[in-house]
Amino acid sequence: MINLTSFIGSKKTVGEKISSDKRTRKCVVFLSDFGTVDGAVSAMHAVADDVDETLRLEDLTHEIPQFNIWEASYRLIQALTYWKKGTVFVCVVDPGVGSDRKSVVALTNSGHFIVTPDNGTLTHVAQEIGISAVREIEEATNRLHDSQASYTFHGRDVYAYTAARLASGIISFEEVGPSLDTESIVKLDLSPASISNGEITGNIDILDTRYGSLWSNIPRELVTEAGISYGDLVDVKISHKGCIVFGYPLKLCKNFTEVNMGEPLMYINSLLNVGIALNQGDFASVYHIQTGEGWKIKIKKHL
């Protein structure tokens, strides 16, 4: 049976002094669609701080577009593996808050914990890293005291509270709640990139939001396998639910200045996946392209 103590030390009860054992990973990282214009994020931090004031509290982002589960899932995989084992993530993009959707804690194959609603936010992590165990949060014991009458702020009342107790060693992973089948968690429609007859098919995973570039899930290795090299023209087709939105040849470039200002290009991004951009422009806005379920990209070497 998997136990949090493998990563952060022995179990403690409320009120006990938290161990300073060097194995303890006392860090909680928050992600949400709350923004920072009000006190929601601060309230989550306050709950965690009240559980254990020695916890390290960090923010991944709170600028996920409202209700965008796909982007929350992607931002998790983008950053999670750079954090040390035992780090506890709170991921709250929860349009179904207060409904019968489950609240869970997932333990990844990389040794990280994710506290989140079971609504698809674990999709990218499940595919790219793998999830070794999932437990449903038992709210009768893992909920902020006197919050039972509140149904619309589980980020504060359930997730921040449970995450802080995990990170501080007050509860073990087993004490979160009953075990769930890892295959039963909700997953979005995310297909791995594939190649057939020299054509590569993938998803438009996310926007590099400040610049409007598209980031796909097509790895550099498949580009090489398809015989595509820097300087080559590449036929690019981007579609949404089967309808082609963009279909032109683009040059595979090492940097944006290899094309004229305002011209589109294909490049390999910082995650070593295929990206599409405009040199000093916003590709997504110009061509009305978005990301998420139903957005596909196909590429092959231009003949």
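Residues numbered from 1 in each chain as written. Predicted model: local features only at pLDDT ≥ 70, side-chain atom pairs only at ≥ 80, totals over all residues. Heavy atoms only, no water.

### Description of the overall build of the protein chain
We apply this condition: Here a strand is any run of E in DSSP of at least two residues, a helix any run of H or I of at least four, and the numbering for each starts at the N terminus. For the exposure calls, accessible area comes from a 1.4 Å probe over protein chains only, and a residue counts as buried if that area is under 20% of its type's maximum, exposed if over 50%, partly exposed in between. For the area figures, the Shrake-Rupley method with a 1.4 Å probe applies, and any residue is considered shielded solely by the protein chains shown. Under the convention used here, Asp and Glu are negative, Lys and Arg are positive, and both His and the chain ends fall outside the count. Charged side chains are reduced to one point each, which is NZ for Lys, CZ for Arg, CG for Asp and CD for Glu.
A tally of helices and strands in the protein chain yields seven helices and 15 strands. Judged by the C-alpha coordinates and their principal axes, the protein chain covers about 70 × 35 × 35 Å. The buried share of the protein chain, taken over its 303 residues, is 52%. Of the roughly 14200 Å² of accessible surface on the protein chain, a fraction of 49% belongs to carbon and sulfur atoms. Taking the average place of the 28 positive charges on the side chains of the protein chain and the average place of its 37 negative ones, the gap between the two points comes to 5 Å.

### Brief notes about the nonpolar core
Here is the rule: We call a set of buried residues a nonpolar core when its members are Ala, Val, Leu, Ile, Met, Phe, Trp, Tyr or Cys and they connect through side-chain atoms within 4.5 Å of each other.
Leu31, Leu76, Ile114, Leu122, Val125, Ile131 and Val134 are the most contacted members of the largest nonpolar core, which totals 33 residues. When contributions to this core are tallied by element, the ones reaching two or more residues are strand E1 (27-32), helix H3 (69-79), strand E3 (88-92), strand E4 (103-108), strand E6 (131-136) and strand E13 (264-268). Counting residues per element, this core draws most heavily on H3, which supplies six residues. Ranked by size, the runner-up nonpolar core spans 30 residues in total, among them Ala160, Tyr161, Ala167 and Phe173.

### Remarks on unusual backbone geometry
Unlike most non-glycine residues, Phe67 shows phi in positive territory, near 70°. On the secondary structure map, Phe67 appears in the loop between strand E2 (56-61) and H3. For Lys241, which is not a glycine, the phi torsion comes out positive at approximately 55°. With respect to the secondary-structure elements, Lys241 resides in the loop between strand E11 (233-240) and strand E12 (243-253). Residue Lys241 is classed as exposed on the basis of its relative accessible area, which comes to 67%.

### Re the packing of aromatic side chains
Using the following cut-off: Only the six-membered ring of Trp is used, alongside the rings of Phe and Tyr, when aromatic pairs are assigned; centres must lie within 6.5 Å, and planes under 30 degrees apart are stacked while those over 60 apart are edge-to-face, with the rest tilted. Cation placement over rings: the criterion is NZ of Lys or CZ of Arg within 6 Å of the ring centroid and within 35° of the ring normal.
Evaluated as defined, the whole model comprises eight aromatic pairs. When the centroid spacing of 5.0 Å and the interplanar angle of 70° are considered together, the rings of Phe246 and Tyr248 count as edge-to-face. According to the relative accessible area criterion, Phe246 is buried, its value standing at 1%. Measuring from ring centre to ring centre gives 4.9 Å for Phe246 and Tyr287, while their planes differ by 85°; the resulting arrangement is edge-to-face. Here the residue Phe246 occupies a position in strand E12, and Tyr287 occupies one in helix H7 (residues 283-287), the gap between them amounting to 41 residues. Overall, Tyr287 belongs to the partly exposed group, its relative accessible area being 24%. The structure contains a cluster of three or more aromatic residues connected by ring pairs, namely Phe246, Tyr248, Phe283 and Tyr287. The positively charged end of Arg135 is found above the aromatic ring belonging to Phe173, 5.6 Å away from the centroid.

### A closer look at the sheet that holds E4
What counts here: Strand pairing is assigned whenever DSSP identifies at least 2 bridges connecting the two strands. A contact between two residues is defined here by any heavy atoms of the two lying within 4.5 Å. In this analysis, axes come from line fits to C-alpha atoms, helices being fitted only over the stretch in contact, and the angle between any two N-to-C directions falls in the range 0 to 180 degrees.
If you walk across this open sheet you meet the seven strands as E2-E1-E3-E5-E4-E6-E7, and the pairing is mixed. Only two strands of the sheet have a single neighbouring strand rather than two, namely E2 and strand E7 (179-180). Inspection of the sheet shows E4 paired to strand E5 (residues 113-117) by five bridges, in the antiparallel sense. Across the sheet, the residue bridging to Leu107 is Phe113, located in E5. Across the sheet, helix H2 (residues 40-51) is in contact with E1, E2 and E3; its angle to E2 comes to roughly 150°. Where helix H5 (residues 154-168) meets the sheet, it contacts E1, E3, E4 and E5, and its direction lies at approximately 170° from that of E3.

### Considerations on the pairing of strand E15 (residues 295-301)
Across four bridges, strand E9 (residues 199-208) lies against E15 in antiparallel orientation. By the bridge assignment for E15, Asn203 is matched with Lys296. Relative to E15, E11 runs antiparallel, the two being bridged by seven bridges. Each bridged residue has a counterpart across the sheet, and for His240 the counterpart in E15 is Trp295.

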